[in-house]
Amino acid sequence: MKWLLLDTALDGCLAAIAEDARILAVQDGQDFPGRGHAEKLLPAIEAARLAAGITLADLDALAVTTGPGSFTGIRTALSVARGLSLALRRPLWGLSTTQALALQGAEAGRATVALIDARRGEVYMQAFAAADQGLGPAFGPPALLPLEQAIAALPPGRLCLVGSGAALLPAHEAWQVSPAAPAPLAGSLLHLARLAASDWQIGDKMPAPPKPLYIRAPDAALPKVAQPAASLMVRLVPVDAMQAALLSRLHAEGFHEAWDEAAFVALLAMPGAFALLALDGAEQPAGFALGRIAADEAEVISIAVRPRLRQLGIGGVLLRGLAAEAARLGAGSLFLEVAEGNLAAQALYHACGFKQVGRRKDYYDKPRNSPEQPPMREAALVMRADIVAKNTTE
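Summary of the structure given here. (Residues numbered from 1 in each chain as written. Predicted model: local features only at pLDDT ≥ 70, side-chain atom pairs only at ≥ 80, totals over all residues. Heavy atoms only, no water.)

Let's shift gears to the packing of helix 6 (residues 244-254) against helix 7 (residues 261-268). Two numbers describe how helix 6 lies on helix 7: the axes approach to 8 Å, and their chain directions differ by 115°. Note on packing geometry: the crossing formed by helix 6 with helix 7 is right-handed. Across from Ala244, Ala245, Leu247, Ser248 and His251 in helix 6, the residues of helix 7 making contact are Glu261, Phe264, Val265 and Leu268. (Axes fitted to C-alpha atoms, helices over the stretch in contact; angles between N-to-C directions. Helix = DSSP H or I, 4+ residues; strand = E, 2+ residues; numbered from the N terminus. Left-handed = near helix turned anticlockwise from the far one by under 90°. Contact = heavy atoms within 4.5 Å.)

This next bit is on the nonpolar core. Grouped together as the largest cluster of nonpolar side chains are 32 residues, with contacts concentrated most on Ile314, Leu334, Tyr349 and Phe354. Elements with a minimum of two residues in this core: strand 13 (273-279), strand 14 (285-294), strand 15 (297-305), helix 8 (314-328), strand 16 (333-339), helix 9 (343-351) and strand 18 (377-386). If you tally residues by element for this core, the top one is helix 8, at 7 residues. If you look at the next biggest cluster of nonpolar residues, it comprises 28 residues, including Leu4, Leu6, Leu59 and Phe71. (Core = buried A, V, L, I, M, F, W, Y, C linked by side-chain atoms within 4.5 Å. Buried < 20%, exposed > 50% of the residue type's maximum accessible area, 1.4 Å probe, protein only.)

Relative orientation of the contacting elements helix 1 (residues 37-52) and helix 2 (residues 71-88) amounts to 40°, with a least axis distance of 10 Å. Classed by the angle they form, the pair helix 1 and helix 2 counts as oblique. You can see that helix 1 and helix 2 cross each other, and the crossing is right-handed. Contacts between helix 1 and helix 2 pair His37, Ala38, Leu41, Leu42 and Ile45 from the former with Gly73, Thr76, Ala77, Val80 and Leu84 from the latter. Considering only residue class, the contact of helix 1 with helix 2 consists of 7 nonpolar, 3 polar and no charged. (Parallel < 35°, antiparallel > 145°, perpendicular 65-115°, else oblique. Nonpolar A, V, L, I, M, F, W, Y, C, P; charged D, E, K, R; others polar.)

So, about unusual backbone geometry. Residue Gly67 is joined to Pro68 through a cis peptide bond whose omega torsion reads 0°. With respect to the helices and strands, the residue Pro68 is situated in the loop between strand 4 (61-65) and helix 2. For Arg120, which is not glycine, the phi torsion reads 55° and is therefore positive. Following the sequence through the fold, Arg120 ends up in the loop between strand 6 (111-117) and strand 7 (122-128).

Another point: the pattern of salt bridges. Under the definition given, this model contains 10 salt bridges. Of the charged contacts, one joins Arg75 and Glu325 as a salt bridge, the two residues approaching to 3.2 Å between their closest N and O atoms. Taken together, the positions of Arg75 in helix 2 and Glu325 in helix 8 put the pair 250 residues apart, joining distant regions of the chain. We note that Arg75, like Glu325, is buried. Among the salt bridges present, the one from Arg82 reaches Asp240, with a minimum N-O distance of 2.1 Å. (Salt bridge = Lys/Arg side-chain N within 4 Å of Asp/Glu carboxyl O.)

All right, on to the sheet that holds strand 3 (residues 22-28) then. Strand pairs in the sheet, formed through backbone hydrogen bonds, run parallel or antiparallel to each other. Reading across from one edge, 3-2-1-4-5 is the order of the 5 strands in this open sheet, with mixed pairing throughout. Pairing within the sheet leaves two strands with one partner each, and these edge strands are strand 3 and strand 5 (92-95). Direction aside, neighbouring strands of the sheet carry axes that sit 20° apart on average. Judged from the 6 bridges that link them, strand 2 (residues 14-19) and strand 3 form a sheet pairing that is antiparallel. Its bridge partner lying in strand 3, Ala15 is registered against Gln27. Most of the contacts of helix 1 go to strand 2, to which it runs at about 25°, and overall it touches strand 1 (2-7), strand 2 and strand 3. Across the sheet, helix 2 touches strand 1, strand 4 and strand 5, and the angle it forms with strand 4 is around 165°. (Pairing = 2+ DSSP bridges.)

Another aspect to go through is the side chain of Thr66. Secondary-structure assignment places Thr66 in the loop between strand 4 and helix 2. Each residue touching Thr66, except ones within four places of it in the same chain, is listed here: Ile74, Leu78, Gly94, Leu95, Ser96, Pro210, Lys211, Pro212 and Leu213.

Turning our eyes to something else, we now look at the sheet that holds strand 14. Taking strand neighbours across the sheet as the criterion, the 7 strands line up as 12-13-14-15-16-18-17 in an open arrangement whose pairing is mixed. Both edges of this open sheet fall to strand 12 (235-239) and strand 17 (355-365), since each of them pairs with a single strand only. Going from strand to strand, the sheet's axes swing by 25° on average, the running direction of each strand aside. Here strand 13 runs beside strand 14; their pairing, made up of 7 bridges, is antiparallel. By the bridge assignment for strand 14, Leu279 is matched with Pro285. Packed onto the sheet, helix 6 meets strand 12, strand 13, strand 14 and strand 15 and runs at close to 110° relative to strand 14.

Here helix 2 spans 26 Å end to end across 18 residues, near enough to the 26 Å set by a 1.5 Å rise per residue. Among the 18 residues in helix 2, 14 count as buried, and that is most of the element. With a side-chain oxygen positioned 2.9 Å from the backbone nitrogen of Gly73, the residue opening helix 2 is Ser70. Trailing helix 2 by a residue or two, Arg89 shows a phi angle of about 60°, which is positive. (Expected span 1.5 Å × (residues − 1). Polar contact = N/O pair within 3.5 Å; in protein donor to acceptor, adjacent residues only side chain to side chain.)

Structure (structure tokens):
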């Protein structure tokens, strides 16, 4: 069974090819030109593929780290892995970075603690039983803790500490620090992936797509604006091409020329694309926002709110959420286009700090009242807002 293993949640940008229990090739994307993981990962995958002497069609399965770790990194590897999984029709398993790190430092007679530097004096931490006791997550799921609390929460006795956060702890005679490296991490991912897929056979139903394990929420925002008198509380969740059919249905409710499911799959496959879904208190879809980042700029591709839920502040929540994600991906400004006659949308954008920076003549098709009516075109206003990012950890 041939695997593609990906990790960009930590400091590296790992792409590895494996067959059964053997690593065939490992590439660290840091060796390739580009500004960030999003630009380095695909060249790293191609280099690993060539070094292993296979084609992508030869792959049987994929595995990817889901976090905790870098917010941007988690999204990068997950997006690429999900896109390849859909395109190749291959199963994809998600694995936590703390589990993968723990396998690197596991020893008999020592509990293992995975620690990832989360900046701001905090660490992501998960403790595991000793290797001779099964290396299970004996002390609960990964948690985000201030450094002082993390030290106090360490299990007693002899420990093996692994991960970027281990260096933040003071020296202790009972603590052994084990360095993390891309090649051993690839072996850890392969071991975990094979365990996860142990009951799966080629031809079986595809496993559920993995979800990101952020723990800490993104914290960037557009300038604060007054909320409408009537409002509806919603929460935002990241979505991908697996929810393309839902996004298409929501789009059709609000636009006269709806984008079909295939269009959303193609849009979300673009480099830097991401989407957020708004869920109401009953966990029902209320709207979505679709964006894309390129270098240090981001654009709003589409934003939609169900017609019956408009004027309740959902559009502003979606716009600020999209700005938050764009800021965490490295963008400093956010652009959008809006029809010149769409005054309601313009009012929302102005309230969120957008300013007009351009005008594109005859950009949009205007809806026609009847098929006999001649086609009409409408100008688009180009608007821009600076993104305010606070306490960014990357």
